[in-house]
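# Structural overview for review
As a plain string of letters, each chain reads:
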Amino acid sequence: MAYDNPIPGFDTYNTNNLRLWRALPSKEFDLDAYSSANFTEAVEQRRKAEDLSAVLYPNDATYQGKELRLRQQYFFVSASLQDLLREFIKRPNYKWSEMPEKVSVQMNDTHPTITVAEMMRLLVDVQRVGWEEAWELTKKCCNYTNHTVMPEALEKWPVEMMERILPRHVQIIGEINRRWINELLEMYGDGPMIEKLSIFEEGDEKKIRMGNLAIVGSNKVNGVAALHTEIIKKETFPEYYKWACDKGEPDKIVNMTNGVTQRRWIHCANPVLSAIFTKYLGSQKWLTDMTLLKGMLKHKEDPKLHAEWMEMKQGCKARLAAWLKEVMDLDIDQDALIDIQIKRIHEYKRQLMNCLYVIHRYQTLKRMSPAERAKTQKRVVLIGGKAASAYVNAKIIIKLINNVSKVVNNDPETSPYLKFAFVPNYRVSAAQMLIPASDISEHISTAGTEASGTSNMKFVMNGGLIIGTMDGANIEIREEGGEDTMFIFGCLEHEVPGIAAKSKQGHYPVDGRLQAVFQAIRNGDFSKGEPDAHQEFCSILDRLCNTTAAGTWDGDRYLVIHDFPSFCDAQARVDTMYNDKATWCTLSIQAACSMAKFSTDRTMKEYAEVIWGVKPAPRPLPSGADKSAASK
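Residues numbered from 1 in each chain as written. Predicted model: local features only at pLDDT ≥ 70, side-chain atom pairs only at ≥ 80, totals over all residues. Heavy atoms only, no water.

Once that is clear, we can look at the sheet that holds strand S7 (residues 207-209). Pairing in this open sheet of three strands is antiparallel, and the strands run S5-S7-S6 from one edge to the other. Each of the sheet's edge strands pairs with one partner strand only, and the pair in question is strand S5 (156-158) and strand S6 (200-201). The pairing of S5 with S7 spans three bridges and is antiparallel. Among the inter-strand pairings, Lys156 is bridged to a residue of S7, identified as Arg209. (Pairing = 2+ DSSP bridges. Helix = DSSP H or I, 4+ residues; strand = E, 2+ residues; numbered from the N terminus.)

A few words on the packing of aromatic side chains. Per the stated rule, a full pass over the model turns up 16 aromatic pairs. When the centroid spacing of 5.7 Å and the interplanar angle of 35 degrees are considered together, the rings of Phe88 and Trp96 count as tilted. On the basis of relative accessible area, Phe88 is assigned to the buried category, the value being 3%. Centroid distance Tyr357 to Phe567: 5.6 Å. Interplanar angle 70 degrees. Geometry classified as edge-to-face. Note that Tyr357 is positioned in helix H17 (residues 351-367) and Phe567 in helix H26 (residues 560-579), a separation of 210 residues in sequence. Take Tyr357 and Phe567: they sit in the same class, and that class is buried. An aromatic cluster of three or more residues is present, and its members are Phe88, Tyr94 and Trp96. Above the ring of Phe200, the side-chain terminus of Lys206 is found at 5.1 Å from the ring centroid. Taking NZ or CZ as reference, Lys581 lies 4.1 Å from the ring centre of Tyr578, over its face. (Phe/Tyr/Trp six-rings, centres within 6.5 Å; stacked < 30°, edge-to-face > 60°. Buried < 20%, exposed > 50% of the residue type's maximum accessible area, 1.4 Å probe, protein only. Lys NZ or Arg CZ within 6 Å of the ring centre and 35° of its normal.)

Neither face of strand S14 (residues 465-468) is left uncovered, since the one carrying Leu465 and Ile467 and the one carrying Ile466 and Gly468 both have all their residues buried. As paired strands, strand S13 (residues 440-443) and S14 are joined by four bridges and run parallel to one another. The residue bridging Ile440 from the neighbouring strand is Leu465, located in S14. Once the chain exits S13 it traverses helix H21 (residues 455-461) before rejoining the sheet at S14, and the crossover so formed is right-handed. Regarding the hand of the β-α-β motif, the stretch spanning S14, helix H22 (residues 474-481) and strand S15 (residues 486-488) is right-handed. (Right-handed = clockwise from strand over helix to strand, strands pointing away.)

With that out of the way, let us pick up the environment of Val124. Considering the arrangement of structural elements, one finds Val124 in helix H6 (residues 115-126). When the C-alpha atoms of Val124 and Trp135 are compared, they prove to be 9.1 Å apart, with 11 residues separating the residues in sequence.

Under the defined criterion, the tally for this structure stands at four cavities of 30 Å³ or more. Its boundaries defined by the atoms lining it, the largest cavity holds a volume of some 110 Å³. The wall of the largest cavity is formed by Glu347, Leu352, Ile397, Ile540, Arg543, Leu544, Asp556, Arg557, Tyr558 and Val560. With three residues, the top contributor of residues to the lining of the largest cavity is helix H25 (residues 531-544). Considering only residue class, the lining of the largest cavity consists of six nonpolar, no polar and four charged. Each residue belonging to the lining of the second largest cavity can be placed in one class, and the counts come to one nonpolar, six polar and four charged. (1 Å grid on protein atoms, 1.4 Å probe; cavity = no way out; pocket = protein on both sides within 12 Å on 5 of 7 lines; lining within 4 Å. Points joined across faces, edges and corners; volume = space filled by probe spheres on them. Nonpolar A, V, L, I, M, F, W, Y, C, P; charged D, E, K, R; others polar.)

Moving on: the pairing of strand S11 (residues 379-384). Of all six residues in S11, six are buried; the element is thus mostly enclosed. By the alternation rule, side chains of S11 split into Arg379, Val381 and Ile383 and Val380, Leu382 and Gly384, which are all buried. Strand direction decides the pairing type here: strand S10 (residues 337-342) and S11, joined by six bridges, are parallel. What sits directly across from Ile338, in S11, is Val380.

In structure tokens:
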């Protein structure tokens, strides 16, 4: 069943439709089974149908969970494609050759890439289009966005499972692969290229590589930040990029840097900042053209703007303080530096390193005299985000954060100078409280692992500065805002292989400050008398300290130990800079007003021009309507 949700545009008569799907049984209730006292069987079909759309991305740690996830993906894809083709076919005198002009399907990561096989099934089996024509239509209509280089995002389905659930699709994928391999054999002969580019992965368990299916069946493949797109070319799909270049089509892989909307993340989340922009620029036109914010830069050192800007920040902090008290019963000092990391909990995003730094900061405060503590920069560190249900290590990291916060926040000697908390149930409404109040935000993934990130954009739009690595969109944000607006640390992407190689040779030193942190954890200082938690915390440290295996899953996979010293140094630079309020405020204004590139307006315009081939189509206005809205 389709559920339509109108999505109105901002200051325009245009409204889009978001169509969502709910699975329902073809037979709601089996009266015969009920009459035979088989009450469970009577509603079994309804239960099975509801499983499909009850929870998005079900836990896939078990075989049954994997199967449900595959069924769910196919359900959403098939419903959407059947609806899309129905809309196309009902046009008078439609021609299949016109379909690429009217239809564009954007596959986000590999979760919906069964689209390629399902589109072929619908065209060939249902609409009776010839294979060659159907394949050309599919390739012209489908595009694939790779959103992350993490292996879990490049799905591989067991052929055995696919044959049982979607046998016709396995046949179609097999034929796509046969023709694709023949093309490759003509170009390269038999060799490594064939194995790498085949849609099927051989081995003890034969699998279908959905990433390969996506790139073979797409018109364009794109990354979501400049560095990420280069990694796709060099590391994720290098053989495909070579094939595209050899075919004279190097632009098959393109970059589409992510964006966020200033309408929500400034205008709704931070109305006082929105009012400041409108006041100084003379209109609200910046809400639909963020390049106008550059006009604020001439005021960035104006004491009058500084006063308004700092008042805005203080108001956001007061609002956050009230919210934290209500939601978590957490009291914070509104004059403290607010340091926030909110994003999906994953080891590559290194919430663990942030937590380890908090322990180090706590230990430093404990060693100080009361007079020395009084001179330190007060800080509130907040971490929020959700972990995949089967991601055990992420859950352990959340547990460690919560345990550390209990120790830090209840220590009367240090709590006036350091507060630490895990914000529960992170969501958009929570983000709208947290983001405007931040002074600094943490975007600290290991170089080469973060595709883009978008919370970094939201924070900077609200005048927050960044402590981060040269990864994802951090690089482009720094280019736009200026080097001084970001506190950079850590290794660079091209340095990672060398670090791993030195580790294998036994050169992977652990900084003394981090050794002290590890020792405190091993001593049970943050275990709160919970033996299971203590064992889990120590297991993570044991793996990190396998210093001959850094950069691998057997050791410090994401180079926490390597980057920790420079992370501490960057944090010290933050404290020093924050004491110079005038300079900090200038940089805050400069960063926020340099974010036009990271508006979804720019992102969507580039997708439309480069990938979809779509031009603006102003809708006819109602009679008597304001004509200025026609072009919006």
